[in-house]
Amino acid sequence: MNYEFHNPVLVEKVLDLLITNPGGVYVDATIGGGGHSERIFKKLLPTGKLIGIDADEDAVVFSRKRFGERVSIYNCNFSNLSDLLSDLKISNIDGILFDLGISSYQIDNAEKGFSFSKEGILDMRFDKNQALNARYVINNYKESELTRLFKLYGEEKFSSKISKEIIKQRKYKSIDTTTELSNIIKNVVNKKFINKTLARIFQALRIEVNQELDVLKKGLIDAINLLKVNGRIVVISYHSLEDRIVKNIFKTSAEQKLVKILTKKPIIPDEDEIKFNPRSRSAKLRAAEKILNIKTLANVQ
Ligand SMILES: C[S@@+](CC[C@H](N)C(=O)[O-])C[C@H]1O[C@@H](n2cnc3c(N)ncnc32)[C@H](O)[C@@H]1O
């Protein structure tokens, strides 16, 4: 695994915003290969504690090897954050980082089926124990359901044309690989738009398979409820659907006087970071600080 060759995004900003109490308890909700965690850990005092979470077992195995005893790492979804912390008898935390989406390792690993440019089985699950995968969605969802998710989660204008073609082609043979799906999309979408369309359709499938938007809402709400007063939440998102959820949950929490927003506008990477780390191109960082210690935030749309 080549996790180590990829650099964490906006790392100096993350460290400045996240850590206010170096002896406190911190959570990296998306540890991946541990790029951010390595830097967070170095800022903590020996009395500090860092907990890492990832839904992908490969990331957990890799990071456990990388950190040994230094970081406590759990293979779970961040939507189960409050259960995990309650099992660990931790009632509140000083800071939490969410670096959303997929890691470079996951994109580059064809077997995971995330990339339209790498031949692999249409999988896209973060968690291999989950039943739903992208192959099931593509071969079993009704045309109207496919159109809806391509529109909603991919914001793709050729959604209905693409789902019609998928329905037509799957009558002859099941659609099993990333290349088969890409070729079907290429049949009906002009070459000029094809890469953006492929990216949007693959994004939509990934969001559906992992229920990413619902999971994100639950994770953020739990995280805000679990923060101590003065504790910080930092979120890096990579597309507008995620960013909108982060923005709305922070706004509602600020209206309820639970948090103070620390980033009026999202922080984005500068040109140097983008050149050095092209994956950071679409990143948006938002942060907030807990100001009132009651657990009331729920049901934010
Ligand atoms: C962008 S990568 C994180 C990279 C990491 N910050 C680093 O510096 O190496 C996102 C990670 O979050 C994980 N992930 C995505 N959604 C998750 C969820 N709902 N719960 C737990 N982990 C999740 C993915 O498996 C992936 O490893």
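Just above, that's the structure.
The paragraphs below set out a description of the structure included in this document. Just so it is clear, the model here is predicted, and its values are computed rather than measured.

What to know about the packing of helix H8 (residues 159–170) against helix H9 (residues 178–188)
- Interaxial distance between H8 and H9 falls to 9 Å at its minimum, and their mutual angle equals 125°. With respect to each other, H8 and H9 are oriented oblique. Of the two elements, H8 crosses H9, and the hand of that crossing is right-handed. Along its contact with H8, which presents Lys161, Ile162, Glu165, Ile166 and Gln169, the element H9 presents Ile184, Ile185, Asn187 and Val188.

Description of the site of the ligand
- Lining the immediate environment of the ligand, one finds 21 residues, of which Thr30, Gly32, Gly35, Asp56 and Asp99 sit closest.
- Of all the elements in the fold, those that place two or more residues in the shell around the ligand are helix H2 (35–43) and strand E2 (49–54).
- The class makeup of the residues in the shell around the ligand is 8 nonpolar, 10 polar and 3 charged.

A word on the pairing of E2
- Within E2, 5 of the 6 residues are buried, leaving the element largely enclosed by the surrounding structure.
- Of the strand pairs in this sheet, strand E1 (residues 25–28) and E2 are connected by 4 bridges, and their pairing is parallel. Bridged to Val27 within E2 is Ile51.
- The parallel pair E1 and E2, bridged by H2, forms a crossover whose chirality is right-handed.
- Pairing of E2 with strand E3 (residues 72–75) involves 4 bridges; the strand directions are parallel. Looking across to E3, one finds that Asp54 is bridged to Asn75.
- The β-α-β motif built from E2, the intervening helix H3 (residues 57–67) and the parallel element E3 has right-handed crossover chirality.

Procedures and definitions
Residues numbered from 1 in each chain as written. Predicted model: local features only at pLDDT ≥ 70, side-chain atom pairs only at ≥ 80, totals over all residues. Axes fitted to C-alpha atoms, helices over the stretch in contact; angles between N-to-C directions. Helix = DSSP H or I, 4+ residues; strand = E, 2+ residues; numbered from the N terminus. Parallel < 35°, antiparallel > 145°, perpendicular 65-115°, else oblique. Left-handed = near helix turned anticlockwise from the far one by under 90°. Contact = placed C-beta atoms within 7 Å. Near = placed C-beta within 6 Å. Nonpolar A, V, L, I, M, F, W, Y, C, P; charged D, E, K, R; others polar. Buried ≥ 20, exposed ≤ 12 C-beta atoms within 10 Å, placed from the backbone. Pairing = 2+ DSSP bridges. Right-handed = clockwise from strand over helix to strand, strands pointing away.

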